[in-house]
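So the chains spell out like this:
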Amino acid sequence: MDPLMLARVQFALTAGSHFVFVALTLGLATLVALMQTRATLSGREVHGRMTRFWGQLYVVNYAVGIVTGLVMEFQFGLNWEGMSRMTGGVFGAPLALETIGAFFVESTFLGLWIFGWDRLNRWVHLGLIWVVTLTAYLSAYFVLVANGWLQRPVGYEMRDGVARLTDAGALLGNPTALLAFVHVLFGGLLTAGFFMAGVSGYHLLRRTAEVEFFRRSMRMGLVTVMAAVVPVMVFGGMQYRYLQPTKTGGDDAAAAVADFTARFGPGDYMAPGQAGVGEAVMTGLWALMLLLAIVALVKVWWGRWLVRGRVFHVVMICAVPLPYAAMLAGWMFREVGRQPWMVYGVLKTRDALSPGVGSGTIAVSFVAFTALFAVLVGVNAWLLARFARRGPDGGALGAAPPVAPSAPAVTATF
């Protein structure tokens, strides 16, 4: 097989798998922070238990997601040396900020939050989870700044065949990055909302003894879905203003093709057909989720249905994969539609491939990475399902350490 196609498919699988983890992490971190805020202010036990239960699921997803992110970045040096050499001075800057300025802070404060239960002041502990949430947003922002530059390169100039950053403000304020960031933020909330509703529906369907716990969780998940589903559409639609002409077609596309032909020679510069498939799937799934959000509005209005509606519980369980599928379809539309460019109008994907890398080398790494990511996704799904089934009393996050039994008294006999 063509090494370029192998490298593209390999990156698509790893990046798409990593994004599945990121979506739930972003949304669930926000909801856990809100739960703990309410628990801290009210002092009610149920809110504290909700924080611990959903926080444990968040930590599981976050931990496995870290590994997928490390493997994904490894591919830049392995398969895309041409891109790193030509555009690393611009593309690499926001990724470096993400790693040094956001990820390290996020992981450090998350560790303090995990091991600080009942050891730190409650307000300090609450501050930790909000730092984790905000740095998660910052991390996502820097990644989308890098991706936005691939879509719409700004704030740079070419010197001796290498891209040099000339305007950091233009790079950080790129509309393709800002709109995508808000779109992904609400997409994460939508994912977490459906996840909470699905897990809660599972327990309510089983007639669990924790009815009040999962009724509250179901309500919070559904309210999140209702709050996020329309902004996801709005900010997704706003990005169409900045789409590449070759993705949208029309007179602008013809002019762009003529310009590319004059600069880079003849070639197929129109977006592949798979991009249109991704757009259609994304739109259809969003319409389905909007319908479910309307049904959720009725359920929340008549609260007793949250507990009694067994069919609704099954629907919510089945709806958990919908936002994942919609976001992957949207990612396909965004990324595949940029082809044949790695950096639109600047660097072709074929020229970004590492020189001297043959199909055999990429095939071996493709099999290894695909197997690794399949295992990671499977392990994550198994762990989430395992801890979710256990319920609020089945996890260890924030649990008090076991007390060692006291030594029996020794009575000396003389």
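Let me begin by describing the structure that accompanies this report. (Residues numbered from 1 in each chain as written. Predicted model: local features only at pLDDT ≥ 70, side-chain atom pairs only at ≥ 80, totals over all residues. Heavy atoms only, no water.)

### Comments concerning the overall build of the protein chain
Right, on to step 1. Each helix and strand counted, the protein chain has 15 helices and four strands in total.
Right, on to step 2. For 414 residues, the compact-globule formula gives about 22 Å, and the C-alpha radius of gyration of the protein chain, at 24 Å, lands near that figure.
Right, on to step 3. Expressed as lengths along the three principal axes of its C-alpha atoms, the size of the protein chain is roughly 100 × 65 × 40 Å.
Right, on to step 4. Sorting the 414 residues of the protein chain into buried and exposed places 49% on the buried side.
Right, on to step 5. Carbon and sulfur atoms make up 69% of the accessible area of the protein chain, which amounts to about 19,100 Å² in all.
Right, on to step 6. Here the protein chain contributes 30 positively and 20 negatively charged side chains, and the mean placements of these two sets differ by 15 Å. (Helix = DSSP H or I, 4+ residues; strand = E, 2+ residues; numbered from the N terminus. Rg over C-alpha atoms; globule rule 2.2 N^0.38 Å. Buried < 20%, exposed > 50% of the residue type's maximum accessible area, 1.4 Å probe, protein only. Areas by Shrake-Rupley, 256 points an atom, 1.4 Å probe, with all protein chains shown as cover. Lys, Arg positive; Asp, Glu negative; His and termini not counted. Charge placed at Lys NZ, Arg CZ, Asp CG, Glu CD.)

### A few points about a nonpolar patch on the surface
Right, on to step 1. Together, Val 230, Met 233, Val 234 and Met 238 line one region of the surface with nonpolar side chains, adding up to about 310 Å² of accessible area.
Right, on to step 2. Along the chain, the position of Met 238 falls in helix H7 (residues 211-238).
Right, on to step 3. When its relative accessible area of 40% is taken as the criterion, Met 238 is described as partly exposed. (Patch = residues over 30% accessible without salt bridge, like charges linked within 9 Å, V, L, I, M, F, W, Y side chains within 5 Å. Salt bridge = Lys/Arg side-chain N within 4 Å of Asp/Glu carboxyl O.)

### So, the pairing of strand E1 (residues 156-159)
Right, on to step 1. Taken together, the four bridges between E1 and strand E2 (residues 162-165) define a ladder with antiparallel strand orientation. Paired with Arg 159 across the two strands is Val 162, which belongs to E2.
Right, on to step 2. Hairpin connection between E1 and E2: a loop of two residues separates the two successive antiparallel strands, and Asp 160 in this loop has a positive phi of roughly 55°. (Pairing = 2+ DSSP bridges.)

### Side note on the packing of aromatic side chains
Within a pair of aromatic rings, the relevant descriptors are the distance that separates the centres and the angle that separates the planes.
Right, on to step 1. As enumerated under the stated definition, the model contains 18 aromatic pairs in all.
Right, on to step 2. Measuring from ring centre to ring centre gives 6.0 Å for Tyr 58 and Tyr 62, while their planes differ by 40°; the resulting arrangement is tilted. In this pair, Tyr 58 and Tyr 62 are both assigned in helix H2 (residues 45-79), four residues apart and thus about one turn of the helix distant. An identical accessibility class is assigned to Tyr 58 and Tyr 62; each is buried.
Right, on to step 3. Measuring from centroid to centroid gives 5.9 Å for Tyr 141 and Phe 181, while their planes differ by 80°, and the two rings are edge-to-face. Taken together, the positions of Tyr 141 in helix H4 (residues 122-151) and Phe 181 in helix H6 (residues 175-205) put the pair 40 residues apart, joining distant regions of the chain.
Right, on to step 4. You can call Tyr 141 buried: its relative accessible area is 16%.
Right, on to step 5. For Phe 181, a relative accessible area of 18% translates into the label buried.
Right, on to step 6. Directly above the aromatic system of Phe 333 lies the positively charged group of Lys 247, at a separation of 5.1 Å from the ring centroid. (Phe/Tyr/Trp six-rings, centres within 6.5 Å; stacked < 30°, edge-to-face > 60°. Lys NZ or Arg CZ within 6 Å of the ring centre and 35° of its normal.)

### Some points on the nonpolar core
Right, on to step 1. Core analysis: the biggest nonpolar cluster contains 95 residues, and Leu 28, Trp 54, Leu 57, Tyr 58, Trp 80 and Phe 195 have the highest contact counts within it.
Right, on to step 2. In this structure, Trp 80 is in contact with Leu 4, Ala 7, Arg 8, Phe 11, Gln 75, Met 342, Thr 349, Ala 352, Leu 353 and Ser 354, ignoring residues within four places of it in sequence. (Core = buried A, V, L, I, M, F, W, Y, C linked by side-chain atoms within 4.5 Å. Contact = heavy atoms within 4.5 Å.)

### Quick look at the side chain of Asn 380
Right, on to step 1. Considering the arrangement of structural elements, one finds Asn 380 in helix H15 (residues 359-390).
Right, on to step 2. Beyond its immediate sequence surroundings of up to four residues, Asn 380 is in contact with Phe 21, Val 60, Asn 61 and Val 64.

### Brief notes about helix H1 (residues 3-42)
Right, on to step 1. Between its first and last C-alpha atoms H1 spans 59 Å; for 40 residues at 1.5 Å apiece the expected length is 58 Å, and the two agree.
Right, on to step 2. Residue Gly 43 follows H1 closely and has a positive phi angle near 75°. (Expected span 1.5 Å × (residues − 1).)

### Re H4
Right, on to step 1. Between the first and last C-alpha of H4 there are 44 Å, a value that for 30 residues agrees with the 44 Å anticipated at 1.5 Å per step.
Right, on to step 2. Taken across its 30 residues, H4 has 21 buried, putting it largely inside the fold.
Right, on to step 3. Sitting at the head of H4, Asn 121 places a side-chain oxygen 2.8 Å from the backbone nitrogen of Trp 123. (Polar contact = N/O pair within 3.5 Å; in protein donor to acceptor, adjacent residues only side chain to side chain.)

### Focus: the side chain of His 203
Right, on to step 1. Secondary-structure assignment places His 203 in helix H6.
Right, on to step 2. His 203 sits in the buried class, given a relative accessible area of 3%.
Right, on to step 3. Beyond its immediate stretch of four places on either side in the chain, His 203 contacts Thr 208, Phe 214, Ala 388, Arg 389 and Gly 391.

### A word on the environment of Pro 340
Right, on to step 1. With respect to the helices and strands, the residue Pro 340 is situated in the loop between helix H13 (321-336) and strand E3 (341-343).
Right, on to step 2. Remark: the alpha-carbon pair of Pro 340 and Pro 272, spanning 68 residues in sequence, is separated by 8.5 Å.
Right, on to step 3. Among residues more than four places away in sequence, those in contact with Pro 340 are Asp 268, Tyr 269, Lys 348 and Thr 349.

### A closer look at a positive patch on the surface
Right, on to step 1. A contiguous patch of positive charge on the surface is contributed by Arg 206, Arg 386, Arg 389 and Arg 390.
Right, on to step 2. Along the chain, the position of Arg 206 falls in the loop between H6 and H7.

### Some details on the packing of H1 against H4
Right, on to step 1. Contact pair H1 / H4: the axes reach a minimum separation of 9 Å and the direction vectors enclose 160°. With respect to their mutual orientation, H1 and H4 come out roughly antiparallel. At the point where H1 passes H4, the crossing takes the left-handed sense. Residues Leu 26, Ala 29, Thr 30, Val 32, Ala 33, Leu 34, Gln 36, Thr 37, Thr 40 and Leu 41 of H1 pack against Arg 122, Trp 123, His 125, Leu 126, Ile 129, Trp 130, Thr 133, Ala 136, Tyr 137 and Ala 140 of H4.
Right, on to step 2. Residue classes in the contact of H1 with H4 are distributed as 13 nonpolar, six polar and one charged. (Axes fitted to C-alpha atoms, helices over the stretch in contact; angles between N-to-C directions. Parallel < 35°, antiparallel > 145°, perpendicular 65-115°, else oblique. Left-handed = near helix turned anticlockwise from the far one by under 90°. Nonpolar A, V, L, I, M, F, W, Y, C, P; charged D, E, K, R; others polar.)

### Here we look at the environment of Trp 286
Right, on to step 1. Take Trp 286: it is sitting in helix H10 (residues 273-301).
Right, on to step 2. Between the C-alpha atoms of Trp 286 and Ala 140, which are 146 residues apart in sequence, the distance is 22 Å.
Right, on to step 3. Apart from residues no more than four positions distant in its own chain, Trp 286 is found in contact with Val 229, Val 232 and Met 233.

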